[in-house]
Amino acid sequence: MAQEYRNFINGRFVPAKGGATYENRNPADWDDLIGLFPTSGPEDVAEAVAAAKSAYPKWRAVPAPQRGEIMRRATEILISHKDEYARVMTREMGKVLKETRGDVQEAIDTGLYAAGESRRLWGKVVPSELPSKLAWVTRQPMGVWGMICPWNFPMAIPSWKLFPALVCGNTAVIKPATLTPASVHNFVQALAEAGVPDGVVNVVYGTGSAVGEALLAHPDVSGVSFTGSSSVGRHIAEVCGRGLKRCSLELGGKNAQIVLDDADLELALEGVIWGAFGTTGQRCTATSRLILQAGRHDNFIDMLLARVVELKVGNGLDERVEMGPCVSRSQRDSVHQYVEIGLAEGAKLLCGGEALTGGLYDKGFFYKPTVFVGVTPQMRIAREEIFGPVLSVIRVRDFDEAVRVLNDTPYGLSSSVYTRNVDLAMRAIELIEAGITYINAPTIGAECHLPFGGVKDTGNGHREGGWTAYDIFSEPKTVYVDYSGALQRAQIDNAEY
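These numbers were taken from a predicted model, which means no experiment stands behind them.

**Description of the overall build of the chain**
A tally of regular secondary structure across the chain gives 14 helices and 21 strands. Relative to the compact-globule value of 23 Å for 497 residues, the chain shows a C-alpha radius of gyration of 24 Å, a close match. If you line up the chain on its principal axes, its C-alpha atoms span 80 × 65 × 40 Å. When each of the 497 residues of the chain is scored for burial, the buried share is 56%. Taking all contacts inside the chain whose residues are at least 6 apart in sequence as the whole, residues at least 24 apart take part in 74%. By element, 53% of the accessible surface of the chain is carried by carbon and sulfur atoms, the whole surface being about 20,100 Å².

This is the structure:
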């Protein structure tokens with residue numbers, strides 16, 4: 001009998017008011033049913049928001065270091081269940097165990113960082129222009145936050161949102177991705193066991209059209225944090241703009257790795273294999289473009305082909321497997337449509353380009369690691385986010401052309417340059433239009449204590465991760481204390497000094 005999960009509202013597990021559920025199945029093995037989850041609606045969101053609003057006054061009054069202590073206890077629970085939670089994540093999302101262990105570890109790291117930040121929610125003390133007067137800036141929580149999460153990092157990304165929001169004194173209603181709800185259940189269960197009070201964190205499962213839209217529209221939601229596609233992000237920004245809600249958007253990417261003629265080719269090869277085919281290419285930071293300088297192009301292509309055709313694809317629960325399935329049938333279909341687009345545009349298919357079939361592959365959404373060569377910057381496969389195991393290789397003459405090609409997309413999340421020339425490396429850091437630049441490392445691998453986000457269509461200027469996340473979830477309040485005993489007028493009475 002499959003486990004039946006429920007919404008988590010005001011400290012209780014409750015079914016959706018409509019009573020409907022949906023199945024959560026393993027994309028590598030359709031016979032593996034993880035559980036049944038509620039198909040919720042606006043009335044469930046309203047109940048969750050009311051609980052969060054009711055819990056907010058008491059939670060914001062808890063001293064921040066005490067809130068941080070609860071985050072630390074939750075992190076210890078994650079540590080004790082790391083392998084268990086990783087296996088659940090592999091079953092529901094498909095990526096291999098070493099990656100899902102890393103996903104849980106990222107939540108652990110973020111929790112430990114949050115516990116520390118609870119004692120460093122610094123403002124600023126600045127001198128006043130008038131005598132006998134103090135001035136400082138402090139942080140204030142904002143209220144109820146709505147959080148809409150993606151399926152590719154189903155514990156790490158919720159942790160990026162929940163840990164800093166809670167430490168700042170906010171309450172939250174989170175909508176997990178429909179494809180990966182169990183990982184959010186495990187994460188929020190750890191928070192509840194650690195002592196987060198009833199109503200502070202609420203989980204409502206369901207679709208974006210029902211649950212997500214209800215969160216956006218609810219007048220008691222003060223801010224929305226979303227990770228997902230740029231097209232959905234634009235819609236969220238429009239809705240939040242009408243309500244003057246704060247909106248934090250972490251959106252798509254079309255990331256490139258540049259390999260210059262002087263690069264360490266073996267190191268660059270390991271980087272592009274991990275960047276392009278880790279998580280089956282289903283990352284906003286995936287290396288979807290490889291920009292090769294002409295002098296090493298042919299040699300590197302030979303090396304690349306030899307590695308790609310040997311990648312072991314299969315069920316991520318098998319420790320020998322290097323790449324799992326696409327997360328769903330629709331995602332695999334979308335990947336294949338882009339392959340057909342690339343062929344129609346005139347790109348040359350070097351390897352892959354089709355679903356894997358036969359035996360156990362017939363029970364999952366597997367796709368062959370795919371490489372196109374002869375790609376030009378104007379092709380759709382070089383400009384649009386594919387979100388699958390497809391790598392487009394672009395040949396360039398020199399460094400300047402490489403940077404121009406890298407920048408020539410609507411996105412600007414992550415970037416990578418392999419070179420032994422320190423002058424070119426520093427020029428790349430200056431010229432590349434992206435929120436993240438790696439030198440001699442792949443486009444993936446963000447660390448929790450550093451800002452994460454991008455420019456152009458990749459977001460709206462906010463940065464998750466690191467200290468900047470705490471700016472998202474708090475409001476600055478400027479405080480003046482005048483102890484002069486007289487009326488002092490700034491910009492007027494200070495003129496005599």
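Picking up after the structure, the text goes on.
**Focus on the packing of helix α5 (residues 156-167) against helix α6 (residues 181-194)**
Here α5 crosses α6 at 25°, and the two axes come no closer than 11 Å. Accordingly, the angle class assigned to the pair α5 and α6 is roughly parallel. Classified by chirality, the crossing of α6 by α5 is right-handed. Contacts between α5 and α6 involve Pro 158, Ser 159, Leu 162, Phe 163 and Leu 166 from the former and Val 184, Phe 187, Val 188 and Leu 191 from the latter.

**Examining the sheet that holds strand β15 (residues 370-373)**
The 7 strands are arranged β14-β15-β16-β13-β12-β18-β19 in an open sheet whose pairing can be described as mixed. Edge strands, defined here as strands with exactly one partner in the open sheet, are β14 (348-351) and β19 (436-439). Strand-to-strand twist of the sheet, defined as the mean angle between neighbouring strand axes without regard to direction, takes the value 25°. Pairing of strand β12 (residues 255-259) with strand β18 (residues 414-418), which is carried by 4 bridges, proceeds in the parallel orientation. Bridge assignment links Gln 257 to a residue of β18, and that residue is Ser 416. In the packing of helix α10 (residues 294-308) onto the sheet, contacts are made with β13 (287-293), β14, β15 and β16 (390-396), and the angle to β13 comes to roughly 140°.

**So, the UniProt feature "active site" (unreviewed entry) in the chain**
Look at the UniProt record and you will see "active site" (unreviewed entry) annotated at Glu 250. Tracing the backbone through its elements, the reader meets Glu 250 in strand β11 (residues 246-250). Those residues in contact with Glu 250, other than ones at most four positions away along the chain, are Phe 226, Thr 227, Gly 228, Cys 284, Leu 413, Phe 452, Thr 458 and Glu 464.

Each value, and the rule that gives it
Residues numbered from 1 in each chain as written. Predicted model: local features only at pLDDT ≥ 70, side-chain atom pairs only at ≥ 80, totals over all residues. Heavy atoms only, no water. Helix = DSSP H or I, 4+ residues; strand = E, 2+ residues; numbered from the N terminus. Rg over C-alpha atoms; globule rule 2.2 N^0.38 Å. Buried < 20%, exposed > 50% of the residue type's maximum accessible area, 1.4 Å probe, protein only. Contact = heavy atoms within 4.5 Å. Areas by Shrake-Rupley, 256 points an atom, 1.4 Å probe, with all protein chains shown as cover. Axes fitted to C-alpha atoms, helices over the stretch in contact; angles between N-to-C directions. Parallel < 35°, antiparallel > 145°, perpendicular 65-115°, else oblique. Left-handed = near helix turned anticlockwise from the far one by under 90°. Pairing = 2+ DSSP bridges. UniProt positions renumbered as here; feature names shortened; annotations may be inferred.

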